[in-house]
Amino acid sequence: MINTSYTIAGVTFKNPVVMASGTFGFGKEYGAYYDLNRLGGISGKGLTLHPKEGNSGLRVYETPSGMLNSVGLENPGVAAFLQEECPRWEALDLARIVNLGGNTLQDYIEGARLIEEDAIARRRSGRPAVDMVELNISCPNVKAGGMAYGIKTEVAREVVREIRSVTTLPLIIKLSPNAEDLVSMAEMCETEGADALSLVNTFSAMKIDIYKRSSVFNNLYAGLSGPAIKPIALRMVHQVCRSVDIPVMGMGGISSAEDIIEFIMAGAAVIQVGTYNFINIRAGIDLVGGVERFMRDQGIQSLDEIRGIL
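All figures in this text were calculated on a predicted structure; none of them were measured in a lab. (Residues numbered from 1 in each chain as written. Predicted model: local features only at pLDDT ≥ 70, side-chain atom pairs only at ≥ 80, totals over all residues. Heavy atoms only, no water.)

Things to note about the side chain of Thr-48
- If you trace the backbone, Thr-48 turns up in the loop between strand E4 (41–43) and strand E5 (60–63).
- On the basis of relative accessibility, which here comes to 7%, the residue Thr-48 falls in the buried class.
- Setting aside anything within four residues of it in sequence, one finds Thr-48 in contact with Leu-73, Asn-75, Gly-77, Val-78, Gly-101 and Gly-102. (Helix = DSSP H or I, 4+ residues; strand = E, 2+ residues; numbered from the N terminus. Buried < 20%, exposed > 50% of the residue type's maximum accessible area, 1.4 Å probe, protein only. Contact = heavy atoms within 4.5 Å.)

Rendered as structure tokens:
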């Protein structure tokens, strides 16, 4: 019997395949195509304290081996998620991760408090629906001219420290590849009490319409994801895994079981799948099966045998 499981801060992932935030909604739509309980976990659509309509204009643009997105964190807000989505999440047998963003420190704090209060109440009633919080620090700090919290280590430190102080749920920090010093950022998160890290988020990128003589996006820049970023993401995950002792969720351009094995060999505890969900609607279950076949073919009994061998 092969073993694909991994436990992070008391939360068990039955296999390393986790659906990345922003590419899977809250799972409902994909659940019509395969059994979500075959997955290791879901990181839900990014939430903010208050509902957001997202960005105007074009939101997605296909690129060679990838895509640009400027969705702008369209979401129903934390309270609506807790009321409308959590009852359905209660029935899922996988790791359930809430992704939380914010444009001000107070937004982050209030959002985390609402999630914490709901989690405590559901635990008491025996109906837990959230296992972990994934903190998205790639959001723009509106009080600091729009620079993302995740760019400078000392700016990010305040957010990580404050959220750690208001939640008892296992805390994952999602890191931006655009950080000035990604390794220092990762080490800071560990020092401030993060239970795990996830990386990388999208790369800041651009597309110009040469006939209109303007960016195709109203916000000028957008986030690049997909297979094009995988070699860079893999290198960054490897570097961070070597610098911290907490588990790392690797992501960036994963579109095959072989890609997953590469991230595991680089040191990742589990991985997250994003853009590939738009290419293959059955990506999750196909990747789980692919990892299992690879292990059987290679005579690997546990992913621990190959994790971090590089």
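What about the packing of aromatic side chains?
- With the rule as written, the count across this model stands at 5 aromatic pairs.
- Seen from their ring centres, Phe-24 and Tyr-30 are 4.3 Å apart, and the 15 degrees between their planes marks the pair as stacked.
- Through a chain of ring-to-ring contacts, three or more aromatic side chains come together here, namely Phe-26, Phe-81 and Trp-89. (Phe/Tyr/Trp six-rings, centres within 6.5 Å; stacked < 30°, edge-to-face > 60°.)

Observations regarding the sheet that holds strand E6 (residues 66–69)
- Reading across the sheet, the 4 strands line up as E5-E6-E14-E11 and stay open at both edges, with antiparallel pairing between neighbours. Since the sheet does not close on itself, it has two edges, and those belong to E5 and strand E11 (203–205), each with one partner. Each adjacent strand pair in this sheet contributes to an overall mean axis angle of 35 degrees, direction not counted.
- Pairing analysis gives 3 bridges linking E11 to strand E14 (residues 222–225), with the strands arranged antiparallel. Looking across to E14, one finds that Ser-204 is bridged to Gly-223. (Pairing = 2+ DSSP bridges. Axes fitted to C-alpha atoms, helices over the stretch in contact; angles between N-to-C directions.)

Regarding helix H3 (residues 105–124)
- The end-to-end C-alpha distance of H3 is 29 Å, a good match for the 28 Å that 20 residues give at a rise of 1.5 Å each.
- Along H3, the residues that are buried comprise Leu-105, Tyr-108, Ile-109, Gly-111, Ala-112, Ile-115, Glu-116, Asp-118, Ala-119 and Arg-122.
- The secondary structure elements touched by the buried residues of H3 are helix H1 (78–84), helix H2 (86–89), strand E7 (95–100), strand E8 (132–136) and helix H4 (153–166).
- A positive backbone phi angle near 75 degrees is found at Gly-126, which sits one or two residues after H3. (Expected span 1.5 Å × (residues − 1).)

Observations concerning the sheet that holds strand E10 (residues 196–199)
- If you trace the 8 strands once around the closed barrel, you get E3-E4-E7-E8-E9-E10-E15-E16, paired in parallel fashion. The average undirected angle you get between the axes of adjacent strands in this sheet is 25 degrees.
- Inspection of the sheet shows strand E3 (residues 17–19) paired to strand E16 (residues 270–273) by 3 bridges, in the parallel sense. Within E16, the residue paired with Val-18 across the bridge is Gln-272.
- Sheet contacts for H4: E8 and strand E9 (171–174); angle to E9, the most-contacted strand, approximately 160 degrees.

A closer look at the UniProt feature "active site" (unreviewed entry) in the protein chain
- In this structure's numbering, the residues bearing the UniProt feature "active site" (unreviewed entry) are Cys-139.
- Among the secondary structure elements, Cys-139 is positioned in the loop between E8 and H4.
- If sequence neighbours within four positions are ignored, Cys-139 has contacts with Leu-73, Gly-101, Gly-102, Asn-103, Tyr-108, Met-147, Ala-148 and Tyr-149. (UniProt positions renumbered as here; feature names shortened; annotations may be inferred.)

Here's the deal with the pattern of salt bridges
- The final tally for this structure, using the stated rule, is 16 salt bridges.
- Counted as one network, the salt bridges with shared partners bring together Glu-90, Asp-118, Arg-122 and Arg-127. (Salt bridge = Lys/Arg side-chain N within 4 Å of Asp/Glu carboxyl O.)

Thoughts on the environment of Asn-55
- Note on placement: Asn-55 falls in the loop between E4 and E5.
- Linking Asn-55 and Val-71, residues 16 residues apart in sequence, is a C-alpha distance of 5.6 Å.
- Apart from the residues within four sequence positions on either side, Asn-55 is in contact with Ser-70, Val-71, Gly-72 and Asn-219.

Focus on unusual backbone geometry
- For the bond running from Leu-199 to Val-200, omega is 10 degrees, close enough to zero to count as cis.
- Along the chain, Val-200 turns up in the loop between E10 and E11.
- In the Ramachandran plot, Ala-9 falls in the positive-phi region, its phi being about 50 degrees despite a non-glycine side chain.
- Among the secondary structure elements, Ala-9 is positioned in the loop between strand E1 (6–8) and strand E2 (11–13).
- The class of Ala-9 is partly exposed, set by a relative accessible area of 42%.
- Here the phi dihedral of Leu-220 falls at roughly 75 degrees; this positive angle occurs in a residue that is not glycine.
- Relative to the assigned elements, Leu-220 resides in the loop between strand E13 (214–215) and E14.
- Take Leu-220: its relative accessible area is 36%, and that puts it in the partly exposed class.

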